[in-house]
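# What the coordinates show
Chain residues, written in single-letter form:
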Amino acid sequence: MENNDTTPSVPASIESNVTSVKTDIQALNELTQKESAFLDIVTSEMKKVIVGQPHMIESLLIALLANGHILLEGVPGLAKTLAITTLAKTINADFSRIQFTPDLLPADLLGTMVYNHNKEEFISKKGPIFANFILADEINRAPAKVQSALLEAMQERQVTIGDTTFKLDEPFLVMATQNPIEQEGTYPLPEAQVDRFMLKVVLDYPKKEEEQMIIRNTVSKEGFPTPNVVIDTKAIIKAREIVKQVYMDEKIEKYIVDIVYATRTPKDYKLDDLEALIEFGGSPRASIALAMASKAYAFINKRGYVIPEDVRRVCHDVLRHRIGLSYEAEAENINTETIINTILNKVEVP
C-alpha cells in the first residue's frame, strides 16, 4: 500500500477549482494525514500474518472506511478467511463468523422467537448477525433463501425478528468469501444481494517467493504471530466521517458518472462493440460506491482530495459484479475485466 509523505500534484484540468479552495484542501490534507495514521499500524499488524496479497488488505480497508461490504472470491487456501479475521482482531469490536452450509436456515443467521416458560411469553433470541464485523464464510454454499436473509441487514442496517425490528450497532461490516461458482456445491448469489457489496475482489495464487515464506512461517517453531488490537470502533466511525469530507471535484464526479453510464449505453461513448456483450450495466448504487471507494482510497494515501487515478484504481472491484454479461460475451469468453478495461481506455480522463 502506498503511503506518500508528499502531496501529489493536482491534475491541470481541476487545478483552477482546487486553487479556489486551496485553504480547505490544505486543511483537509493535514486532517487526513493525522487521522489516517492508524492505518499504517493496522496494515503492519495484518502483514504480520498475511504474506503477500497487498490488494486484498487494501480493499478490506477501503470497505471498512467507506462503510461498505466486501466480497472476496478465490479458490480455497488463499487466506481469505485469515485476512478478514486478522482485520477484525486488530479492532476492539464484536466479531461473528458464520459458516454458510447447504443446511443453514435464515433463523440461524438472524435469530428467532423462543418461548420463555418463566415469563410465559415469546422473546427474541438474536442471531450471530448482531455484531460489528460479520464473516460470511463461503457464502455461496448456502441456498438463495439464506443468502437473501442478509439483504435487510446489509442495506438497512437492521434486522426484523417476529414483529420487532432491531437496529444493528455501528460500525457494521459484512465481509464475505465465496468459491468460484464453477465449483461443485455452490449457488450463484442473487443479483440484488451481489449489488449490496461495495467491492468484489478476485484473488489469485501467491507468488513463488510469497508461498515459500508462507511455508516457512507455517512450519516454523514460532508459527504465525498474533495481531494486536490497535484501534477501537470509535476510531473507525471517526475515520468514516473524515472520508466523507474528502474533496471530490465536479469533474471527478462527471468522470464517475461517465464510466457507469458507459456500462449502460456503450454506443454513447463510441463503444459499439460492447453493446451486444453487456446485458445490463451498473445501477446508481455503482456510482455511489465508486465515489465512496475513491474517497477512501485517497484517505488511505493521506490525501484530502480525489484524483482520477483513485477512481481507476478501485473501478474494477466496484464494477466487476455489477455488469451483466450477455450470452454472446460468454460464448466469446469475454469477461467483465475486459469490458471495464475497454471503458477506462475510452472514457475521457479529466
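Please refer to the structure higher up on the page.
Described below are features of the structure shown in this document. (Residues numbered from 1 in each chain as written. Predicted model: local features only at pLDDT ≥ 70, side-chain atom pairs only at ≥ 80, totals over all residues. Heavy atoms only, no water.)

## Some details on the overall build of the protein chain
Operational definition: A run of H or I in DSSP becomes a helix once it reaches four residues, and a run of E becomes a strand once it reaches two; helices and strands are each numbered from the N terminus. Whether a residue is buried, partly exposed or exposed follows from its accessible area with a 1.4 Å probe, protein chains only, as a fraction of its type maximum: under 20%, in between, or over 50%, in that order. A contact between two residues is defined here by any heavy atoms of the two lying within 4.5 Å. Using a 1.4 Å probe, the Shrake-Rupley method yields the accessible areas, and only the shown protein chains count as cover for residues. Counted as positive: Lys and Arg. Counted as negative: Asp and Glu. His and the chain ends are not counted at all. Every charge is mapped onto a representative atom, which is NZ of Lys, CZ of Arg, CG of Asp or CD of Glu.
Counting its regular elements, the protein chain contains 17 helices and 13 strands. Judged by the C-alpha coordinates and their principal axes, the protein chain covers about 70 × 50 × 50 Å. Burial analysis of the protein chain (350 residues in total) assigns 49% to the buried set. Restricting the contact set of the protein chain to residue pairs at least 6 apart, pairs at least 24 apart contribute 78%. Looking at the protein chain as shown, the accessible area adds up to about 17100 Å², and 50% of this sits on carbon and sulfur atoms. Counting 38 positive and 50 negative side-chain charges, the protein chain places the averaged centre of each group 4 Å from the other.

## Section: the sheet that holds strand β10 (residues 199-202)
Under the convention used in this document: A pair of strands is considered paired only if DSSP assigns at least 2 bridges between the two. Each axis is a line fitted through C-alpha atoms, taken for helices only over the stretch in contact, and angles between the N-to-C directions span 0 to 180 degrees.
Pairing is parallel in the open sheet, where five strands are placed in the order β3-β6-β9-β1-β10. Lying at the two open borders of the sheet, with one neighbouring strand each, are β3 (95-99) and β10. Across the sheet, the mean angle separating the axes of adjacent strands is 15° when strand polarity is ignored. As defined by bridge partners, strand β1 (residues 70-73) adjoins β10 across four bridges and the pair is classed as parallel. If you follow Leu-71 over to β10, its bridge partner there is Lys-200. Its contacts with the sheet place helix α4 (residues 54-65) against β1, β6 (133-137), β9 (173-178) and β10, and it is angled at close to 170° to β10.

## Digging into the pairing of strand β4 (residues 111-116)
As defined by bridge partners, β4 adjoins strand β5 (residues 121-126) across six bridges and the pair is classed as antiparallel. Across the sheet, residue Val-114 finds its bridge partner in β5, namely Ile-123. The antiparallel hairpin formed by β4 and β5 contains four residues in its connecting segment, where Glu-120 sits at a positive phi of about 55°.

## Observations concerning the side chain of Thr-263
Under the convention used in this document: Polar contacts, as counted here, are pairs of nitrogen or oxygen atoms within 3.5 Å of one another; within protein the pair requires one atom able to donate a hydrogen and one able to accept it, and residues that are adjacent in sequence qualify only if both atoms are side-chain atoms.
Position of Thr-263 among the secondary structure elements: in helix α12 (residues 250-264). Only 3.0 Å separates the side chain of Thr-263 from the backbone nitrogen of Gly-282, close enough to count as a polar contact. Leave out the neighbours within four places in its chain, and Thr-263 touches Ile-278, Phe-280, Gly-281, Gly-282, Leu-319, Ile-323 and Ile-343.

## Considerations on helix α3 (residues 37-49)
Put simply, the rule is: When we speak of the arc, we mean the arc of directions from the helix axis to the C-beta atoms.
Among the residues of α3, those classed as buried are Phe-38, Leu-39, Val-42, Thr-43, Glu-45, Met-46 and Val-49. An end-on view of α3 places all buried positions within 160° of arc, on one side of the element.

## Observations concerning the pattern of salt bridges
Note that side chains of opposite charge can pair when their charged atoms are close. Cut-off, in case you're wondering: We count a salt bridge whenever a side-chain nitrogen from Lys or Arg sits within 4 Å of a carboxyl oxygen from Asp or Glu.
Using the criterion set out here, one finds 16 salt bridges in the structure. Here Arg-157 and Glu-170 are joined by a salt bridge, their closest N and O atoms 3.8 Å apart. You can see Arg-157 sitting in the loop between α8 (151-156) and β7 (158-161) and its partner Glu-170 sitting in the loop between β8 (164-167) and β9, a full 13 residues away along the chain. For Arg-157, a relative accessible area of 14% gives the class buried. Each of Arg-157, Glu-170 and Arg-240 takes part in one network of salt bridges that share partners.

## Considering the nonpolar core
Rule in force here: Only buried Ala, Val, Leu, Ile, Met, Phe, Trp, Tyr and Cys residues count toward a nonpolar core, and they belong to the same one when joined by side-chain atoms within 4.5 Å.
Core analysis: the largest hydrophobic core is formed by 72 residues, its most contacted members being Leu-60, Leu-65, Leu-87, Ile-259 and Leu-290. Take this core: its biggest share by element is 11 residues, from helix α14 (residues 284-300). Not counting chain neighbours up to four residues away, the residues in contact with Leu-60 comprise Met-46, Ile-70, Ala-83, Ile-84, Leu-87 and Met-175. Core analysis: the second largest hydrophobic core is formed by 27 residues, Phe-100, Ala-131, Phe-172 and Val-194 among them.

## So, the environment of Val-42
Looking at the element boundaries, Val-42 is found in helix α3. On the accessibility criterion, Val-42 (2% relative accessible area) is buried. When the C-alpha atoms of Val-42 and Val-229 are compared, they prove to be 8.7 Å apart, with 187 residues separating the residues in sequence. Residues contacting Val-42, with those up to four places away along its chain left out, are Leu-61, Leu-87, Thr-90, Val-230 and Ile-231.

## Concerning helix α11 (residues 233-245)
Quick note on the threshold: An expected span of 1.5 Å times one less than the residue number is assigned to each helix.
The end-to-end C-alpha distance of α11, which contains 13 residues, comes to 19 Å, matching closely the 18 Å that a straight helix rising 1.5 Å per residue would cover. Every buried residue belonging to α11 is among Thr-233, Ile-236, Ala-239, Arg-240, Ile-242 and Val-243, and all of these are buried. Put simply, Asp-232 is the residue that caps the front of α11, since its side-chain oxygen is 3.3 Å from the backbone nitrogen of Lys-234.

## Regarding unusual backbone geometry
A cis amide bond links Glu-170 with the next residue in sequence, Pro-171, at an omega value of -5°. Summarising the element assignment, Pro-171 is placed in the loop between β8 and β9. Unlike most non-glycine residues, Asn-333 shows phi in positive territory, near 60°.

## Side note on the packing of aromatic side chains
What counts here: Whether two aromatic rings pair depends on their centres lying within 6.5 Å, for rings of Phe, Tyr and Trp, where Trp uses its six-membered ring; planes under 30 degrees apart make the pair stacked, over 60 edge-to-face, and the rest tilted. Two conditions define a charge located above a ring, namely a distance within 6 Å from the ring centre to NZ of Lys or CZ of Arg, and an angle within 35 degrees of the ring normal.
All told, the structure shown has one aromatic pair when counted by the stated rule. Ring geometry for Phe-130 versus Phe-166: centroids 5.9 Å apart, planes at 85°, classification edge-to-face. Of this pair, Phe-130 sits in the loop between β5 and β6 while Phe-166 sits in strand β8, placing them 36 residues apart in sequence. Owing to a relative accessible area of 18%, Phe-166 belongs among the buried residues under this scheme. In this structure, Lys-126 is placed above the aromatic ring of Phe-130, and the distance from its NZ or CZ to the ring centre is 5.0 Å.

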